[in-house]
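Letter by letter, the chains look like this.
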Amino acid sequence: MSKCVCVIAEYRGGNFRRVTHEVASEGRRIADALGVPLQAVAVGSGVAEKAAELGRYGVEKVFVADDPALEGYIAETHTPIVADLVQKCDPAVVIMPASVDGKDLGARLSARLLAGLVQDSTEIVVENGKIKAKKPIYAGKCYCWNEWADGEMPLISCRPNVMGCLAPDESKSAQVDKVEVTLPEARSSVKSLELDTSGRVGLSGAETIVSGGRGLKEAGNFSLLEDLAQVLDAAVGASRAAVDSGWRPHADQVGQTGKVVNPNLYIAVGISGAIQHLAGMGSSKYIVAVNKDVDAPIFTKADYGIVEDLFQFMPVFVEELKKYKSSCS
Amino acid sequence: MNIVVILKQTPDTESVIRIAGDGKSVVTDGFKWVINPYDEFAVEAALKIKEKHGGKVTILSYGPQRVVEAVRTALAMGADDAVFIDEEHLESCGRIKVAQAVAAAIKEMSPDLVFCGSRAVDMDMAQRGPMVAEFLGWPHLALATSIECDGKTVSIQRSLEGGKVTQESTLPVLVTFGGSHAVWNPRYASLPGIMKAKKKPLQNKKLADLGLDAAEFTPEKAKVRVVSLELPPERKPGKIIDGGLDTEGKARELVRLLHEEAKVI
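Remember, predicted model here, so these are calculated numbers, not experimental data.

Cut-offs used in this document
Residues numbered from 1 in each chain as written. Chains lettered and ligands numbered in written order. Predicted model: local features only at pLDDT ≥ 70, side-chain atom pairs only at ≥ 80, totals over all residues. Buried ≥ 20, exposed ≤ 12 C-beta atoms within 10 Å, placed from the backbone. Helix = DSSP H or I, 4+ residues; strand = E, 2+ residues; numbered from the N terminus. Domains from an automatic or database assignment. Contact = placed C-beta atoms within 7 Å. Nonpolar A, V, L, I, M, F, W, Y, C, P; charged D, E, K, R; others polar. Pairing = 2+ DSSP bridges. Core = buried A, V, L, I, M, F, W, Y, C linked by C-beta atoms within 7 Å. Axes fitted to C-alpha atoms, helices over the stretch in contact; angles between N-to-C directions.

Undergrad: Explanation requested: helix α4 (residues 128-136) of chain B in the structure shown.
TA: The buried fraction of α4 of chain B is high, at eight of nine residues. Every buried residue of α4 of chain B is accounted for by R128, G129, P130, M131, V132, A133, E134 and L136 of chain B.

In structure tokens:
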């Protein structure tokens, strides 16, 4: 039998995460280009019941390890189990999510399988039956195309929200092969897993981000951004200067030492635009900058610039947006 | 408590990236080289644990001679000694080879804890820590934003998409560090620290000293190879919304453009 493309699914809290559908869709495309089947491996507690769903995105067969002990991801336990399932697939290529846990698992798998890994890929191409993968380096200041030495199996993690997703075909389901799980002896464990159920939009998946910097002057003034975020259903981010000043939690930091984001709309308020910040948000589709300093570097990246004192401008802008929103409804 | 911190030197995050003539590498002239920021967080966390539990902190690094400066900086922050894998071209042999060499050096030291950054700000492959742990046959806890150690176990907190996790492990364990400057607040090297660092022991090791066969460490062994680099597409110059409008007029015009032109609201 010809080798397959293998997709590693990410399952959490009773569902496959959206990025799994993206990776399966990308896997389908690569499998078609190579003329080979698409298989998947899925590990988690209760995952066996859901595994057939991956067929909607083009997966033909899923190898499943289902055990209550696999509820939360921990590298030491998950790596050998996933590695065994991947070997059952006998793949030509393995692709997986470049999520928080996915990148961690990918690195450990790379060592275990002695497979060359490219993390956080934004584009994969098949040329004459060979795989090439593109990834951002220096936080997106540059992109790097990679290839694999002859006879090597590519292992690639794919950046979420970039590669797109097939429309699910509800009529299809994948064949499920449930494999008996032998839990490895482990010294590490998950003590608690708290999922945020507030519905607040996270930075990584946000379509709109409102971000504040040093110009906000103090933590309390971020309420101006929270107001705007509420109107736009946006996530709130911050520059390193704002995080270093203790105004916002580190999880909100956008930039080379924070999150790299790619929303449709990024509104930078009181952010001058240090290189390390621009690297983290430069691939946003549209960028708006509000800053009173006309020479601020952020204006070189902004599609729309507003040279105004943010404390004057922001409340007025929020009011205008509210008027616009109410005229739409 | 003996802690090894794996450290890499990277260009400062304010560096401008230009592609070199070969189309596969970046121009390094004018780079300000620093400790990879996430590795610096690891150094800080190690020093704090040493202050509480005693023991020593050993810096482990590799690569060309310029890296020694970053190692000395970590010693000036308060680390006790260092091991430098003196192999200029180690990184060109691929990430698996780097991790194997680092793991071999760690085995010789048999520490209680190994710390490193969760990722490096240059190639951003986020691989080194988990790979080294796999080659050591140890557990690892990744992306710590806080850490506690009672001498027998380590527990960390990490965030993930829409949630938070607490993980725990017995020693020995490898921990990678996430978070930001604001979380770890890495100390600066003091002037007396810098003076002392010059006299702290730094051992140079070749691959053969680590029991490794240098013939296995060549660029031909790299599984992944760079084909080419490209710069992101230039953004077309934007417009400053002015036209003599007052604040309200500008706000209204911005809403109009976001709706009609950008179609993002």
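Undergrad: Explain the domain arrangement of chain A here, please?
TA: When the parts come together, some accessible area is lost, and that loss is often what is quoted as the size of the interface. All names here are of chain A. Domains assigned within chain A are domain 1 (4-178) and domain 2 (208-328). Here domain 1 and domain 2 have C-alpha centroids that lie 34 Å from each other. With five residues of domain 1 at the interface, the matching set in domain 2 holds seven residues. Class assignment for the residues of the side of domain 1 that touches domain 2 results in two nonpolar, two polar and one charged.

Undergrad: Would you take a moment to explain the interface of chain A and chain B for this structure?
TA: Each partner contributes to the interface: chain A provides 85 residues, whereas chain B provides 74 residues. Considering every element that reaches the side of chain A that touches chain B, the biggest residue donor is helix α4 (residues 100-113) of chain A, with nine residues. Across the side of chain A that touches chain B, the residue classes break down as 39 nonpolar, 25 polar and 21 charged. Sheet topology note: the strand β10 (residues 142-148) of chain A/strand β13 (residues 224-230) of chain B ladder contains six bridges and is antiparallel. Across the sheet, the residue bridging to C144 of chain A is L229 of chain B, located in β13 of chain B.

Undergrad: Would you explain the nonpolar core in this entry?
TA: For soluble globular proteins, the rule of thumb is that nonpolar side chains tend to be buried together. The biggest cluster of nonpolar side chains holds 191 residues, and the ones touching the most others in it are V7 and V41 of chain A together with V5, V102, F115, V132 and V175 of chain B. In this structure, V5 of chain B is in contact with D39, A42, V43, A46, V57, I59, L60, A79, F115 and C116 of chain B, ignoring residues within four places of it in sequence.

Undergrad: Looking at this structure, how should I read the sheet that holds strand β4 (residues 38-44) of chain A?
TA: All names here are of chain A. Reading across from one edge, β7-β11-β6-β1-β4-β5-β12 is the order of the seven strands in this open sheet, with parallel pairing throughout. A single partner strand is all that each edge strand has here, and the edge strands are β7 (117-121) and β12 (175-178). Each adjacent strand pair in this sheet contributes to an overall mean axis angle of 20°, direction not counted. Bridge analysis of β7 against strand β11 (residues 155-158) gives three bridges, and the strand direction is parallel. Residue pairing in the sheet places L117 in a bridge with L155 of β11. Running at roughly 155° to strand β6 (residues 91-97), helix α1 (residues 18-34) makes contact with β1 (4-8), β4, β6 and β11 of the sheet.

Undergrad: What is the right way to look at the environment of P97 of chain A in this model?
TA: Residues and elements named next belong to chain A. Looking at where P97 falls in the secondary structure, it is placed in strand β6. With 90 residues separating them in the primary sequence, P97 and V7 have C-alpha atoms 8.8 Å apart. Those residues in contact with P97 that lie beyond four places of it in its chain are E10, V19, T20, V23, G102, S157, C158 and P160.

Undergrad: Where do I start with the environment of G211 of chain B in this structure?
TA: Residue and element names in this part refer to chain B. Here G211 is to be found in the loop between β12 (202-205) and β13. Note on G211: 10 C-beta atoms within 10 Å, which makes it exposed. Put simply, G211 and E108 are 103 residues apart on the chain and 9.9 Å apart in space, counted from C-alpha to C-alpha.

Undergrad: Looking at this structure, I do not really get helix α2 (residues 67-77) of chain B. What am I missing?
TA: Two residues of an α-helix separated by three or four positions point the same way, owing to the 3.6 residues in each turn. Residue and element names in this part refer to chain B. Burial analysis of α2 places eight of its eleven residues in the buried class, which makes it a mostly covered element. Looking only at α2, the buried set comprises V67, A70, V71, T73, A74, L75, A76 and M77. Phi for G78, located one or two positions after α2, is positive at around 135°.

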